[in-house]
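# Residue-level structural notes
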Amino acid sequence: MAEFNSRILIIGSGPAGYTAGIYAARAGLKPVLISGKQPGGQLTITNDVENFPGFPEPVNGSELMQRMREQAVNVGVNIVDDIITEVDFSKKPFVCNSENSNIFIGDTVIIATGASARWLGLDSEKKFLGFGVSGCATCDGFFYRNRDVAVVGGGNTAVDEALYLTNFARSVTLIHRRDSLRADKTLQERLFNNQKIKVEWDSVVDEVLGTDNPLSVTGIRLKDVKNDSVRDIKIDGLFIAIGHHPNTELFKGQIELDAEGYIVTKGDSTQTNINGVFAAGDVQMPRFRQAVVAAGTGCMAALEAEKYLSEL
Ligand code: NAP
């Protein structure tokens, strides 16, 4: 058990958290960053990243996050591998308790705990994650030029991703568990008018099929939810688009959240409803869900926290 006192506490170690740390450290604020449940965040389950500026060759998601971590350490961020279990934002300084019984005390807090993709929960889905199973068409669609892919889900994200994937793929199969989509009508029209897309209604993925050496997806087994019959279809990539949930359980009752649990921040700012508490990345910005956007808001949070501290 130890006590950490800092002008800035940063909770979370995705692109938002590390970027906030780098800016805060370079401002001389000696930030303490608590890395959380999944050090490195969502990118650590992405294989090749080709759209993060500064990397002319594809970079492995885990490696990219490791490099951000090293950069943060090099400029003076104190990274503690621990999980915050309790926060008290009702008085200042703010106090956070951790799983390892550490106490973190800060004049400001930057929340960068991100969001987590919802997954189907199949063992085979886990096995091929990053090797044909993906949670992000914008990140991985490019690798499926002239290949056959499938998208699971019936919301705006699934339809958006299916349409986006037609830029690369030879065919896109949308798999939905019901017989109607919840996506906006305009998106649905675009989907139904696209010759490359076909929809498998009333169907769920029962198993992801593939090879072990190399680890690679070759198809999926679909189950018809009306009569439980199964059928296999050949695909090279499977995109899961059944929603995300923000990692904000910890902050319920402490800070303003929207109806879906994302942290509410003031327009054009990372300031939450608690003076001195800022939020950056996917935890407050579900719209784009891109590492570079998260990094951008991490920078904003550090600059805003620095200004807040200078005015204290
Ligand atoms: P969503 O609206 O919650 O849709 C999730 C979809 O996944 C639903 O169709 C749901 O089926 C299906 N689903 C959930 N769990 C499943 C499971 N275990 N197995 C199979 N299917 C499952 O999530 P989203 O599409 O990510 O959208 C999130 C928010 O972002 C929404 O408010 C959306 O409007 C917004 N968004 C907007 C845009 C845009 O405006 N262009 C783009 C992306 C996202 P059911 O329909 O049967 O429940």
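To be clear, the structure that these remarks concern was listed above.
Predicted, not measured: the structure shown is a model, and the values here were computed from it.

Right, let's talk about the site of the ligand for a bit. Not every one of the 14 residues close to the ligand is listed here, only the nearest: Gly154, Asn156, Thr157, Arg178 and Arg182. Taking asparagine 156, its side chain carries an N or O atom lying 2.7 Å from an oxygen atom of the ligand. For the ligand, a nitrogen atom lies 3.2 Å from a polar atom in the side chain of aspartate 160. Protein coverage of the free-state accessible area of the ligand, which is 920 Å², stands at 66%. Split by residue class, the shell around the ligand holds two nonpolar, seven polar and five charged.

What follows is about the packing of aromatic side chains. Under the defined criterion, the tally for this structure stands at 10 aromatic pairs. Ring centres of phenylalanine 89 and phenylalanine 251 lie 6.2 Å apart, and the angle between their planes is 10°; on these two criteria the pair is classed as stacked. Here phenylalanine 89 is found in the loop between strand S6 (84–88) and strand S7 (94–98), whereas its partner phenylalanine 251 is found in the loop between strand S18 (244–246) and strand S19 (277–279), with 162 residues between them in sequence. Of the two residues, phenylalanine 89 and phenylalanine 251, neither departs from the other in class, the shared state being buried. An aromatic cluster of at least three residues, connected via ring pairs, comprises Phe142, Phe143, Tyr164 and Phe168.

Within helix H5 (residues 156–165), burial applies to Ala158, Val159, Glu161, Ala162, Leu163 and Leu165. Buried residues along H5 sit in contact with helix H4 (137–140), strand S11 (148–152), strand S12 (171–175), helix H6 (185–192), strand S13 (197–200) and strand S17 (237–240).

Between H5 and H6, the shortest axis-to-axis distance is 10 Å and the interhelical angle comes to 35°. Relative to H6, the crossing made by H5 is left-handed. Within the contact between the two elements, H5 uses Asn156, Val159, Asp160, Ala162 and Leu163 and H6 uses Leu187, Arg190 and Leu191. Across the contact of H5 with H6, the residue classes break down as five nonpolar, one polar and two charged.

This paragraph deals with the sheet that holds strand S10 (residues 133–134). As summarised here, the arrangement of the five strands in space is S10-S17-S11-S12-S13, forming an open sheet in which the pairing is parallel. Of all strands in the sheet, those bounded by a partner on one side alone are S10 and S13. For S11 and S12, the ladder comprises five bridges, and the chain directions are parallel. Counted as the bridge partner of aspartate 148 is serine 171 from S12. Packing of H5 onto the sheet brings it into contact with S11, S12, S13 and S17, and relative to S11 it is tilted by some 170°.

An order of S14-S15-S16 is seen for the three strands of this open sheet, with the pairing classed as antiparallel. The open sheet has two free edges, formed respectively by strand S14 (203–212) and strand S16 (230–234), since each of these has just one partner strand. Between one strand and the next, the sheet's axes are offset by a mean angle of 30°, whatever the strand orientation. One ladder, built from nine bridges, connects S14 with strand S15 (residues 215–224); its direction is antiparallel. Paired with valine 208 across the bridge in S15 is isoleucine 220.

Criteria and thresholds
Residues numbered from 1 in each chain as written. Predicted model: local features only at pLDDT ≥ 70, side-chain atom pairs only at ≥ 80, totals over all residues. Heavy atoms only, no water. Near = heavy atom within 4 Å. Polar contact = N/O pair within 3.5 Å; in protein donor to acceptor, adjacent residues only side chain to side chain. Areas by Shrake-Rupley, 256 points an atom, 1.4 Å probe, with all protein chains shown as cover. Nonpolar A, V, L, I, M, F, W, Y, C, P; charged D, E, K, R; others polar. Phe/Tyr/Trp six-rings, centres within 6.5 Å; stacked < 30°, edge-to-face > 60°. Helix = DSSP H or I, 4+ residues; strand = E, 2+ residues; numbered from the N terminus. Buried < 20%, exposed > 50% of the residue type's maximum accessible area, 1.4 Å probe, protein only. Contact = heavy atoms within 4.5 Å. Axes fitted to C-alpha atoms, helices over the stretch in contact; angles between N-to-C directions. Left-handed = near helix turned anticlockwise from the far one by under 90°. Pairing = 2+ DSSP bridges.

Everything listed here is a matter of geometry and, on its own, says nothing about what the molecule does.
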